[in-house]
Amino acid sequence: AESIKIRLGCALPLMSLETMEVRGRDLNTGLPKTIEISSEQIRQALEEPISKIVDLIKMALEKTPPELSSDVMERGIILTGGGALIKNIDKLINIKTGIPVYITDGPLHAVVRGTGKALEDLEKLKTRIKNQREVILLTEQVNLKEVSLNDLNRTYNAKNNELSGTQNVKDN
């Protein structure tokens, strides 16, 4: 299946139809069978998962802070991993997001190379992880305080309404 995806997989229709013979067992008869499949058939089979990938990219971009999203808009998205080998996936993501998309050199080994670079300076990696955890904890604490203050304000306003008999008190 992986060789089929790499050879025929495409995110957009290709200029010329590519085909490949595939051998396997016929589920109806149980006998060996050879069939010819096309790049268009594989594109259709990959359409839903690729669409989900594009939707997730859009969701991530929507949640990205403005200062980071401007960098992404300027520098683009870099694809890594086996999915980057699907023909025209970069073009499809570019069409759907309006952001430049690039495929890294050797996408299958990019994660391994990145991990190797991170492990070369383990202390720097530990410091970054610690700093991220502190930011996450601080964010969670701020969010909890905001929720608590809002709850207190609602409770206070409700008590005041009961005591004064008024109904239209602004809720923060």
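It should be noted that the structure appears before, not after, this text.
Residues numbered from 1 in each chain as written. Predicted model: local features only at pLDDT ≥ 70, side-chain atom pairs only at ≥ 80, totals over all residues. Heavy atoms only, no water.

(A) Expanded view of the packing of helix 2 (residues 39–63) against helix 4 (residues 89–97). Between helix 2 and helix 4, the shortest axis-to-axis distance is 10 Å and the interhelical angle comes to 45°. If you check the angle between helix 2 and helix 4, you find them oblique. Once helix 2 is placed against helix 4, the crossing between them reads as right-handed. Every residue of helix 4 that contacts helix 2 at Ile 50, Val 54, Ile 57, Lys 58 and Leu 61 is listed here: Ile 89, Leu 92, Ile 93, Lys 96 and Thr 97. For the contact of helix 2 with helix 4, the residue count by class is 7 nonpolar, 1 polar and 2 charged. (Axes fitted to C-alpha atoms, helices over the stretch in contact; angles between N-to-C directions. Helix = DSSP H or I, 4+ residues; strand = E, 2+ residues; numbered from the N terminus. Parallel < 35°, antiparallel > 145°, perpendicular 65-115°, else oblique. Left-handed = near helix turned anticlockwise from the far one by under 90°. Contact = heavy atoms within 4.5 Å. Nonpolar A, V, L, I, M, F, W, Y, C, P; charged D, E, K, R; others polar.)

(B) Examining the pairing of strand 2 (residues 32–38) more closely. Looking at chain direction, strand 1 (residues 19–25) and strand 2 are connected through 7 bridges and run antiparallel. The residue bridging Arg 23 from the neighbouring strand is Thr 34, located in strand 2. Between strand 1 and strand 2, which follow one another and run antiparallel, lie 6 residues, and Gly 30 among them has a positive phi close to 80°. (Pairing = 2+ DSSP bridges.)

(C) Representation of the nonpolar core. With 21 residues, the main nonpolar core has Ile 50, Ile 77, Leu 79, Ile 89 and Ile 93 as its most contacted residues. Counting residues per element, the ones that place at least two in this core are helix 1 (2–8), strand 1, helix 2, strand 3 (77–79) and helix 4. Here the element with the most residues in this core is helix 2; it accounts for 5 residues. Setting aside residues up to four positions removed in sequence, Ile 89 forms contacts with Ala 11, Ile 50, Leu 79, Gly 83 and Ala 84. (Core = buried A, V, L, I, M, F, W, Y, C linked by side-chain atoms within 4.5 Å. Buried < 20%, exposed > 50% of the residue type's maximum accessible area, 1.4 Å probe, protein only.)

(D) Representation of the pattern of salt bridges in the model. On inspection of all chains with the given rule, the structure shows 5 salt bridges. As a salt-bridge pair, Lys 33 and Asp 26 come within 3.5 Å of each other at their nearest N and O atoms. With a relative accessible area of 43%, Lys 33 lands in the partly exposed category. On the basis of relative accessibility, which here comes to 17%, the residue Asp 26 falls in the buried class. With a shortest N-O distance of 2.6 Å, Arg 43 and Glu 40 are connected by a salt bridge. Of this pair, Arg 43 and Glu 40 both sit in helix 2, 3 residues apart, which is roughly one turn of that helix. Look at Glu 40 and you get partly exposed, because its relative accessible area is 25%. It is possible to trace a salt-bridge network through shared partners that takes in Glu 40, Arg 43 and Glu 47. (Salt bridge = Lys/Arg side-chain N within 4 Å of Asp/Glu carboxyl O.)

(E) Molecular detail of the environment of Leu 92. Here Leu 92 is to be found in helix 4. For the pair formed by Leu 92 and Cys 10, sequence separation is 82 residues and the distance between their alpha carbons is 9.8 Å. Those residues in contact with Leu 92 that sit more than four places away from it in its chain are Ala 11, Leu 12, Ile 50 and Val 54.

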